[in-house]
Amino acid sequence: MRILLLGADGFLGRHAADVLRSLPGATVLTAGRRPDHDLRLDLAAAEAGPLGEELAALAPDAVVNFAGAVAGSAVKLAEVNARGPAVLCEALEQGARGARLVHIGSAGEYGVCAPGSSLAEDADARPVGVYGATKLAGSLAVAGSPLDAVVLRVFNPVGPGAPAGSLPGRLAAELRRALPDGTEGVVKVGDLSAHRDFVDARDIARAVGLAVTAERPLPRVLNLASGRAQPVRAIADGLVAAAGFTGRIDESGAGSERSAAVSWQQADVSAAARELGWHPETALADTLRDLWLSTEAPVAA
């Protein structure tokens, strides 16, 4: 099986690459802006015709798209998250119509939901900002295409290698810097009272492998999450425990506007269990321990 992976350099893409390379008989090709990729590709600027020709030459059996942007201008978000998947679908129709497309969506596509409720895949999508709206547009392009395609709608991913732009990655780095001060250390964050459904990046990677190798067509959208909302404060508590930090977490800092607008998200993951045989396996405490161990301690002067 020939698998083309877009976004292999990113947080989730790196974990997925490990799983995909371990599949029996798999040849994993990568696409990205760097010259060492098998396919030089900036999906935000690609044109369907030339990309279709390149895809025909590569002849993938499956394409996994992790390419996306979580921050930046509205133009950048629209180019990467909305236009990019639409172009990819059109190019696949032209050059590799038989390939299965596994596209990575986001819980941000759902937007606001009632506290205590669980979001199934047929829930209304009401994104509250540009990021969620552009991700939804990309997912709709995939779901509405004639391809053998599935959108894996990922909730809040955490794990080793979490980027500094995410709360877990940023907080782990801040704790590393604060540790030398011991009990006097203070780490400032925003309000941590919102509830999110956290899922380990390695569990997501397993789901991608299952989606690529599924023998029958899949539903257009599948949620990937733990199925249990937890306060965002659980991230801080878990990292503090893993680090052995005895200082103080100060929640008076500036928080995420997106988090403030959506106070609760929890997924119904029964469809992924039914269609893929997938269940989240990693406890949040273990995820945060492994994230902490993956960060580098400061080098002594």
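The sections below set out a description of the structure shown in this document. Every value quoted in this text rests on a predicted model; they were computed, and no experiment measured them. (Residues numbered from 1 in each chain as written. Predicted model: local features only at pLDDT ≥ 70, side-chain atom pairs only at ≥ 80, totals over all residues. Heavy atoms only, no water.)

Glancing now at the overall build of the chain. Regarding its fold elements, the chain presents 10 helices and 13 strands. Compactness check: the chain gives a C-alpha radius of gyration of 19 Å against a globular reference of 19 Å for 301 residues, within 12% of the reference. Counting only C-alpha atoms, the chain reaches 60 × 50 × 40 Å along its principal axes. Here the chain, with 301 residues, has 50% of them falling under the buried criterion. Restricting the contact set of the chain to residue pairs at least 6 apart, pairs at least 24 apart contribute 83%. Of the charged side chains in the chain, 28 are positive and 35 negative; the average position of the first set lies 1 Å away from that of the second. (Helix = DSSP H or I, 4+ residues; strand = E, 2+ residues; numbered from the N terminus. Rg over C-alpha atoms; globule rule 2.2 N^0.38 Å. Buried < 20%, exposed > 50% of the residue type's maximum accessible area, 1.4 Å probe, protein only. Contact = heavy atoms within 4.5 Å. Lys, Arg positive; Asp, Glu negative; His and termini not counted. Charge placed at Lys NZ, Arg CZ, Asp CG, Glu CD.)

As a further point, take the pattern of salt bridges. Following the criterion strictly, the structure yields 17 salt bridges and no others. As a salt-bridge pair, arginine 216 and glutamate 275 come within 3.1 Å of each other at their nearest N and O atoms. In this pair, arginine 216 is assigned in the loop between α6 (201–213) and β11 (221–224) and glutamate 275 in helix α9 (residues 270–276), connecting sequence segments 59 residues apart. Residue classification places arginine 216 among the partly exposed positions, given a relative accessible area of 45%. Looking at glutamate 275, the relative accessible area reads 19%, which means it is buried. As a salt-bridge pair, arginine 289 and aspartate 290 come within 3.0 Å of each other at their nearest N and O atoms. When its relative accessible area of 19% is taken as the criterion, aspartate 290 is described as buried. What emerges from the salt-bridge pattern is a single network uniting Asp200, Arg202, Asp286, Arg289 and Asp290. (Salt bridge = Lys/Arg side-chain N within 4 Å of Asp/Glu carboxyl O.)

Another aspect to go through is the packing of aromatic side chains. Counted under the stated rule, the structure contains 1 aromatic pair. Ring plane angle 40° and centroid distance 5.9 Å describe the contact between tyrosine 110 and phenylalanine 155, whose orientation is recorded as tilted. Taken together, the residues tyrosine 110 in the loop between β5 (100–106) and α4 (130–143) and phenylalanine 155 in the loop between β6 (148–154) and β7 (156–158) connect sequence positions 45 residues apart. One Lys or Arg, arginine 153, reaches over the ring of tyrosine 110 and ends 4.7 Å from the middle of that ring. Just above the ring of tryptophan 292 sits the side chain of arginine 176; from NZ or CZ to the centre is 3.8 Å. (Phe/Tyr/Trp six-rings, centres within 6.5 Å; stacked < 30°, edge-to-face > 60°. Lys NZ or Arg CZ within 6 Å of the ring centre and 35° of its normal.)

To continue, consider helix α5 (residues 167–178). For α5, which comprises 12 residues, the first-to-last C-alpha distance of 16 Å matches the rise-based estimate of 16 Å (1.5 Å per residue) to within 8%. Of all the positions in α5, only Pro168, Gly169, Leu171, Ala172, Leu175, Arg176 and Ala178 are classed as buried. Looking at the buried positions of α5, the neighbouring elements they touch are β7, β8 (186–188), α7 (233–243), β13 (248–250) and α10 (284–294). The backbone nitrogen of glycine 169 has a side-chain oxygen 3.2 Å away, supplied by the residue at the start of α5, namely serine 166. (Expected span 1.5 Å × (residues − 1). Polar contact = N/O pair within 3.5 Å; in protein donor to acceptor, adjacent residues only side chain to side chain.)

Moving on: α7. Within α7 the residues assigned to the buried category are Ala234, Ile235, Ala236, Gly238, Leu239, Val240 and Ala243. For α7, the secondary structure elements touched by its buried residues are β7, α5, β10 (198–200), β12 (230–231), β13 and α10. Once α7 ends, the next one or two residues include glycine 244, with phi positive near 70°.

Before going further, it helps to spend a moment on the pairing of β6. Counting buried positions along β6 gives 6 out of 7 residues, so the element sits mostly inside the fold. Assessed by its sense of winding, the connection that carries the chain from β5 through α4 to β6 is right-handed. (Right-handed = clockwise from strand over helix to strand, strands pointing away.)

Turning next to the pairing of strand β4 (residues 62–65). Residue alternation in β4 divides its side chains into two sets, Ala62 and Val64 and Val63 and Asn65, and both sets are buried. Strand direction decides the pairing type here: strand β1 (residues 2–6) and β4, joined by 4 bridges, are parallel. Paired with leucine 6 across the two strands is asparagine 65, which belongs to β4. Where β4 and β5 come together, 4 bridges link them in parallel fashion. Residue pairing for β5: alanine 62 is matched across the bridge by arginine 100. In terms of handedness, the path from β4 via helix α3 (residues 74–95) over to β5 forms a crossover that is right-handed. (Pairing = 2+ DSSP bridges.)

Let's shift gears to the sheet that holds β4. Reading across from one edge, β3-β2-β1-β4-β5-β6-β11 is the order of the 7 strands in this open sheet, with parallel pairing throughout. Because the sheet does not close on itself, it has two edges, and the strands there are β3 (39–40) and β11. Inspection of the sheet shows strand β2 (residues 27–32) paired to β3 by 2 bridges, in the parallel sense. Each bridged residue has a counterpart across the sheet, and for alanine 31 the counterpart in β3 is leucine 39. The strands touched by helix α1 (residues 11–21) within the sheet are β1, β2 and β4, with β1 carrying the most contacts at an inclination of about 175°. Its contacts with the sheet put α4 on β5 and β6, and the angle it makes with β5 is roughly 160°. (Axes fitted to C-alpha atoms, helices over the stretch in contact; angles between N-to-C directions.)

This part is about the nonpolar core. In a soluble, globular protein the nonpolar side chains are often hidden away together inside. Ranked by internal contacts, the top residues of the largest apolar core, which has 68 residues, are Leu20, Val64, Leu152 and Leu239. Of all the elements, α6 adds the most residues to this core, at 7 residues. Apart from residues lying up to four places away in sequence, leucine 239 is in contact with Pro168, Leu171, Ala172, Leu175, Leu288, Leu291 and Trp292. Membership of the second largest hydrophobic core comes to 26 residues, among which are Leu29, Leu55, Cys89 and Ala149. (Core = buried A, V, L, I, M, F, W, Y, C linked by side-chain atoms within 4.5 Å.)

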